[in-house]
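Understanding the architecture of this molecule
Each chain, written out:
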Amino acid sequence: MANDLLTRHLGAVAGDRYLTQAPGRVNLIGEHTDYNGLPVFPMAIQRRITIRFAVRDDSTVRLANVDDQFPPCAFELSGSIDPDPAGAWVNYVKAAAQALCRRHGALHGIDGVVSSDLPVAAGLSSSSALTVATALSLLHGSEIDMEPLDLMNLVAEGERYVGTAGGGMDQAICLGGQADTALKIDFDPLRLTPTAVPSDWRFVVASSMVRAEKSGAVRETYNRRGAECREALEVVTRQLPEARGVTSYAELMGRMLLDELVAGADGILDDPLRRRFRHVVTEADRVEQARLGMVAADLRSFGGLMSASHESLRDDYEVSCDELDELVDLAMASGAVGARLTGAGLGGCIVALCLAERTPTLVGALREEFYGARGVNDPENEHLIVAEPSQGASVTPL
Ligand code: NG1
């Protein structure tokens, strides 16, 4: 199918063909922290988006998609590209294109065919994978090299074109992922700390089958949470004597012990800001503890932190839903040592940690009790994935 479309779509274009691949990711811990300038701990996974493309002499981008729910698109490269209506897949392509044109001026267009085995709107970052894949293809087409950290920042900033005030986690892990490795990512300035995933740990990703579509209500909640966090920080730094003059969450956490910070903020903030603030600072603390737990191959400690993260996201940040909670409970009752929603929440996936030898039991229980109960008999393709820590995005000749 991809090959037929490739022949049809690229048939008229002369020159060499290339393949760009960009992985999805699962965030192990550190949720709703990145846009607050606080760390995250994701890994790139084996599922990915690919673009097979040829370079054009002019500045037109023409892309077709193997999946016909995504119609073909064509537009001209420039530093000011009109978006399609919210939710259109081409907006992620345009986001990358506009950001690169603003930085580098005129670029060569491409003709390409997009395919993917990444579930869409599942919290596995298919959108950023598409943005990154486009960016790498266009850079390759114009023979431009960028420093990886610079590109991660540029693409993260660029993806705000779609209307979501996102942080920089997804673009950084998509570009920086390494096989067998998770990355702790810090922001302002961007820093990546690779951490080997113990070989007998397995992260099982299970979709709630509730679409976490960031073009709709989820985007509104996502952006509102960001505004709530900024407001909470502003109140705390104005009213808490020890926090005077602080301008960021990272600085605040560097200055005060976690317990003092939470207790101090509790006395100042009203709900829901009090709970939003508590989630953000306790979650950031869990990220560093989790990294140390992984370095020490302490499965129980890592799992406990994942479960604490889920409770905080459910109760304080209010971004879980019944299906995600059910999946977490089922995973914990079936051999997982920790489980949590992953990604923005309000649908999408959970990630559960177990020992390799427990994977068949865990996967079997989720298959039967969650998916089987909903009439889905073959969830492994789309909904139930044993994640493999994988290499980041790249371009190779076809
Ligand atoms: P997903 O799960 O892909 O919607 C979003 C943001 C991340 C991060 C998480 C929550 C984008 C592109 N992605 O991820 O930056 O904030 O939510 O931790 O906005």
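Refer to the preceding data block for the structure.
What comes next concerns the included structure. (Residues numbered from 1 in each chain as written. Predicted model: local features only at pLDDT ≥ 70, side-chain atom pairs only at ≥ 80, totals over all residues. Heavy atoms only, no water.)

**Observations concerning the sheet that holds strand E2 (residues 41–55)**
Definition in use: The pairing criterion for strands is at least two bridges between them, as found by DSSP. We count a stretch as a helix when DSSP gives it H or I for four or more residues in a row; a strand needs E for two or more, and each element gets its number in order from the N terminus. A fitted line through C-alpha atoms represents every axis, and for helices the fit uses only the stretch in contact; the resulting angles, taken between N-to-C directions, go from 0 to 180 degrees. By definition in these notes, contact holds between two residues if any of their heavy atoms fall within 4.5 Å.
One open sheet accounts for 6 strands, arranged E4-E3-E5-E2-E1-E12; its pairing is mixed. Of all the strands in the sheet, just strand E4 (73–76) and strand E12 (394–397) have a single pairing partner and so form its edges. Within this sheet the neighbouring strands show an average axis-to-axis angle of 25 degrees, counted without direction. Two elements, E2 and strand E5 (residues 110–116), share 7 bridges in a ladder whose sense is antiparallel. Note that in E5 the partner of Arg-52 across the bridge is Val-113. Lying on the sheet, helix H3 (residues 126–141) is in contact with strand E1 (17–29), E2, strand E3 (60–65), E5 and E12; it crosses E2 at an angle near 45 degrees. Those strands touched by helix H5 (residues 169–176) are E1 and E2, and its axis lies near 125 degrees from that of E1.

**As for the pattern of salt bridges**
Counted only if it meets this: Salt bridge, as applied in this entry: a Lys or Arg side-chain nitrogen positioned within 4 Å of an Asp or Glu carboxyl oxygen. Whether a residue is buried, partly exposed or exposed follows from its accessible area with a 1.4 Å probe, protein chains only, as a fraction of its type maximum: under 20%, in between, or over 50%, in that order.
For the structure shown, the criterion picks out 27 salt bridges. Across the pair Glu-288 and Arg-291 runs a salt bridge, and its minimum N-O distance is 3.1 Å. Residue Glu-288 and its partner Arg-291 are both found in helix H9 (residues 273–295); the two are separated by 3 residues, about one turn of the helix. Since its relative accessible area comes to 28%, Glu-288 is described here as partly exposed. By relative accessible area, which is 18% here, Arg-291 ends up buried. Arg-367 is the partner of Glu-380 in a salt bridge, and the nearest nitrogen-oxygen pair spans 2.7 Å. Of this pair, Glu-380 sits in the loop between helix H12 (359–371) and strand E11 (384–387) while Arg-367 sits in helix H12, and the two are 13 residues apart along the sequence. Owing to a relative accessible area of 29%, Glu-380 belongs among the partly exposed residues under this scheme.

**Comments concerning the sheet that holds strand E9 (residues 338–342)**
Read across the sheet, 4 strands follow the order E9-E10-E8-E11 without closing on themselves; strand pairing throughout is antiparallel. Each end of this open sheet is capped by a strand with a single partner; those strands are E9 and E11. If you compare each strand with its neighbour and ignore which way they point, the axes differ by 25 degrees on average. Pairing analysis gives 5 bridges linking E9 to strand E10 (residues 349–355), with the strands arranged antiparallel. Residue Ala-339 lies in a different strand from E10, and its bridge partner there is Ala-352. Against the sheet, helix H10 (residues 299–315) makes contact with strand E8 (201–207), E9 and E10, and its axis sits at roughly 40 degrees relative to E9, the strand it touches most. Along the sheet, helix H11 (residues 322–332) makes contact with E8, E9 and E10, crossing E9 at roughly 160 degrees.

**Concerning the nonpolar core**
Let me state the cut-off plainly: We call a set of buried Ala, Val, Leu, Ile, Met, Phe, Trp, Tyr and Cys residues a nonpolar core when their side-chain atoms join them within 4.5 Å.
Counting residues in hydrophobic clusters, the biggest one holds 79 residues, and the most contacted among them are Val-26, Leu-28, Leu-63, Leu-124, Phe-203, Met-294 and Phe-302. In terms of residue count, the dominant contributor to this core is helix H2 (residues 90–104) (9 residues). Setting aside its immediate chain neighbours within four residues, Val-26 contacts Pro-42, Met-43, Ile-45, Leu-124, Val-205, Thr-342, Val-351 and Ala-387. Membership of the second largest hydrophobic core comes to 47 residues, among which are Val-204, Leu-252, Val-262 and Leu-330.

**A short note on the packing of aromatic side chains**
The description of two aromatic rings rests on the distance between their centres and on the angle between their planes. The criterion, for reference: Only the six-membered ring of Trp is used, alongside the rings of Phe and Tyr, when aromatic pairs are assigned; centres must lie within 6.5 Å, and planes under 30 degrees apart are stacked while those over 60 apart are edge-to-face, with the rest tilted. For a ring to carry a charge above it, either NZ of a lysine or CZ of an arginine must fall within 6 Å of the ring centroid while also lying within 35 degrees of the normal to the ring plane.
By the definition in use, this model includes 9 aromatic pairs. When the ring of Tyr-35 is compared with that of Tyr-222, the centres are 5.1 Å apart and the planes differ by 65 degrees; the resulting orientation is edge-to-face. With a gap of 187 residues between them, Tyr-35 in the loop between E1 and E2 and Tyr-222 in helix H6 (residues 217–239) connect regions that are remote in the sequence. With respect to burial, Tyr-35 and Tyr-222 carry one shared label: buried. Of the aromatic side chains, those joined through ring pairs into one cluster are Phe-41, Trp-201, Phe-203 and Phe-302. A cation over a ring is seen here: Arg-374 above Phe-370, with NZ or CZ 3.7 Å from the ring centre.

**Quick word on the packing of H11 against H12**
Put simply, the rule is: Should an angle lie under 35 degrees it is considered roughly parallel, over 145 roughly antiparallel, and from 65 to 115 roughly perpendicular; all remaining angles are considered oblique. Two helices crossing with the near one rotated counterclockwise from the far one by less than a right angle form a left-handed crossing, whereas a clockwise rotation gives a right-handed crossing. Classification convention: Asp, Glu, Lys, Arg as charged; Ala, Val, Leu, Ile, Met, Phe, Trp, Tyr, Cys, Pro as nonpolar; all other residues, Gly among them, as polar.
It is the contact of H11 with H12, at a shortest axis distance of 10 Å, that shows an interaxial angle of 140 degrees. As far as their axial angle goes, H12 and H11 are oblique. Between H11 and H12 lies a crossing whose hand is right-handed. Residues Glu-323, Glu-326, Leu-327, Leu-330 and Ala-331 of H11 touch H12, and the partners they reach there are Leu-362, Leu-366, Glu-369, Phe-370 and Tyr-371. Considering only residue class, the contact of H11 with H12 consists of 7 nonpolar, no polar and 3 charged.

**A look at the environment of Pro-360**
One can find Pro-360 in helix H12. For the pair Pro-360 and Ser-334, spaced 26 residues apart in sequence, the C-alpha separation works out to 9.9 Å.

**Focus on unusual backbone geometry**
Cis peptide bonds are those with omega within 30 degrees of zero, and the linkage from Asp-188 to Pro-189 qualifies with 0 degrees. By secondary structure assignment, the location of Pro-189 is in the loop between strand E6 (181–186) and strand E7 (191–196). In the segment running from Asp-271 into Pro-272, the intervening peptide bond is cis, with an omega of 5 degrees. For His-32, which is not a glycine, the phi torsion comes out positive at approximately 60 degrees. Along the chain, His-32 turns up in the loop between E1 and E2.

Such coordinate-based values are descriptive only and should not be taken to indicate function.
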